[in-house]
Every structure is written in structure tokens, then in C-alpha cells.
Amino acid sequence: MKRFIMAVIVVLFLSVGICSGGDKHVTSAANSWSPFVDPDAAGQGLAIEIIKAAFAAQGYTFAHEFMPWARAEDEVKKGRIDILPDTWYTDERSKNFMFSNAYASNKIKFIKKGGDSFEYEGITSLAGKKVGVILGFGYGDEFINAKTFTREGVSDFITNIKKLVRGRVDLTIEDEIVAKSILNKKAPALLEQVEFSQNPLSSNDLYVACGLANPRHEEIINAFNKGLEAIKADGTLKGIFERYGIH
């Protein structure tokens, strides 16, 4: 009888441990978005290194899986994967996701064929244009809701650039650092055929996002925020940025 009682106590103890937050592992998913998320980089990219370090500072392990953005967003929205690592805030997304504190920022610029005189001067300057976008990306509510130009979606940035140089879209759009990083690595000849607008569509902060359907969403986001403050304080964050040439 004593052995039976002890066995029951052990089982109950383990069960309580599991239910009270024993899961200290975080899963992540997004497409390749160099240099922020990069399957070819030793640390899988700037964003992944920052996020991994922040969670590690709070005692969490972390693993990232590469997949198309639209699929990743859906998996995180439904709580099957914990976080999107490199997300822009939109009002629409806030209905389904909890956002962390910002850890970096992007300047999103229009890309045009070399010699094109186009300059972005607000949403009205896009009237009549066909703009190549990436499916599922959040470009801001004003851009997404505008009716005076056409958005044509594909799954990756290089496809948009190829469409641009072939004249199938008038413009495409991407963070300038990201665009140059991808083109330098994968298609340097295409980089020579395009130009960037001087004026950005927006400067967007980068966030970690966790689906509200995930029962751990508050725990996960709070852990990241605390970890982010810790790696700011001890110099880890600065060191990661410097390794990627960002000062």
C-alpha cells in the first residue's frame, strides 16, 4: 500500500510540474528573409540569433523551421507553432496575435527598374501601378487597403524582382537591407538592373508575434521581452548587430 501511495504522489508531482509551465521550449517559423532570417547563415540570421539569445536568457530552448510566410503565419495563428520571429504590426494582425516589444527596425522601399523616374510621394503616387508583393506580408493598412493600384502576390522576393525586370510588374517592395542582401547572394546581375526609391513606404519595427490561440502566448511574449532587456543590458544584443554590420 505504501508503495502504491508513493507512486501516486510521484505521478501527481510530475503532472503538476508539467502543467505549471514545465515546457520551456519555443518553436518558430518563417520564410528566408536574409539577413534577418537566413538558412545559410551560421546562426540562421540576425533575427533568429537575437530571439534565441533572448529566450536563452530566460532559460528557454528555441528551434526555428523555414517555410513559406503564409503557411508560417497560419500555423502560428492557430497555435501549432509558437512564434513568428520577424513580424510587422498591423491592426488586422493584432486581432490574432500578441506582439512583443520591438527589437529592430526596417525601412521599406519601392524597387523599380534602372532608369525609371518613379519616386514614392505617398500612396497617391502609386495610382495605376502594378506592385509585386509577397503573400501574407504586412505592408501596413493604408497600402493594403488602397484601391488606386494593383497588388500582385507571389511567395518570394526573387520572383518579384524577375517579374520587375521583365516588365510584368511596375514596382516591387522590400526592406532595402534585406533586398540587397538577397540579391547579392542569389542574383547579383539583377541587382545591377534595379534601383530603390529614396523615400520609404514606411519604417517598420520588427516584433516577435505569438498566436492568441496559443495557451502560452502571454508566457512566451513576456519571456522574450524580459530576455530582450537582459541581452540589451549585458551587450549581447549590440554584439549580434555588429556581427551583421549594423551599428
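As the structure is a prediction and not an experimental result, all values here were calculated from the model. Each residue is numbered by its place in its chain's sequence as written, counting from 1. Where totals are concerned, whole chains, interfaces and linings use all residues; where local detail is concerned, this predicted model gives features only for residues with pLDDT of at least 70, and gives and counts side-chain atom pairs only at 80 or more. The side-chain numbers reported here are obtained from all heavy atoms of the structure, hydrogens and water having been left aside.

A.B. asks: Explain the overall build of the chain here, please?
C.D. replies: Under the DSSP-based scheme used, a helix requires at least four consecutive residues in state H or I and a strand at least two consecutive residues in state E, with every element numbered from the N terminus. For the chain, the helix and strand inventory stands at nine helices and nine strands. Viewed in the frame of its principal axes, the chain has a C-alpha envelope of about 85 × 35 × 25 Å. Counting across all 247 residues of the chain, residues that qualify as buried make up 46%. In this description, contact between two residues means that some pair of their heavy atoms is separated by no more than 4.5 Å. Restricting the contact set of the chain to residue pairs at least 6 apart, pairs at least 24 apart contribute 72%. Shrake-Rupley sampling with a 1.4 Å probe provides the accessible areas, and residues are treated as covered by the protein chains on show and by no other component. Surface summary for the chain: the accessible area is close to 12,400 Å², and the carbon and sulfur share equals 54%. Charge assignment: positive for Lys and Arg, negative for Asp and Glu; neither His nor the chain ends contribute. The location of each charge is read from NZ of Lys, CZ of Arg, CG of Asp or CD of Glu. Each charge class in the chain can be summarised by its mean position, and for the 30 positive and 31 negative side chains these summaries are 4 Å apart. Burial here depends on accessible area, computed with a 1.4 Å probe over protein chains only, as a share of the maximum for the residue type. Under 20% is buried, over 50% is exposed, and the range in between is partly exposed.

A.B. asks: Help me understand the packing of aromatic side chains in this model?
C.D. replies: Centre distance and the angle of the planes are the two values used to describe a pair of aromatic rings. For Phe, Tyr and Trp, where Trp contributes only its six-membered ring, two rings pair if their centres lie within 6.5 Å, and the inter-plane angle classes them as stacked under 30 degrees, edge-to-face over 60, or tilted in between. Enumeration according to the criterion identifies 18 aromatic pairs in this entry. Geometrically, the ring pair formed by Trp33 and Phe137 is edge-to-face, given 6.4 Å between the ring centres and 80° between the ring planes. With Trp33 in the loop between strand S1 (25–30) and helix H2 (46–57) and Phe137 in the loop between strand S6 (130–134) and helix H4 (141–145), this residue pair connects regions lying 104 residues apart in the sequence. In this pair, the class of Trp33 matches that of Phe137, namely buried. Residue classification places Phe137 among the buried positions, given a relative accessible area of 10%. Linked through ring pairs, Trp33, Phe36, Trp69, Trp88, Phe110, Phe118, Tyr120, Phe137, Tyr139, Phe143 and Phe149 together constitute an aromatic cluster. One Lys or Arg, Arg151, reaches over the ring of Phe149 and ends 4.9 Å from the middle of that ring. We note Lys180 situated over the ring of Phe196; from NZ or CZ to the ring centre the distance is 5.3 Å. Consider the ring centre and the ring normal. A charge sits over the ring if Lys NZ or Arg CZ is within 6 Å of that centre and within 35 degrees of that normal.

Interpretation in functional terms is not warranted from these geometric data alone.
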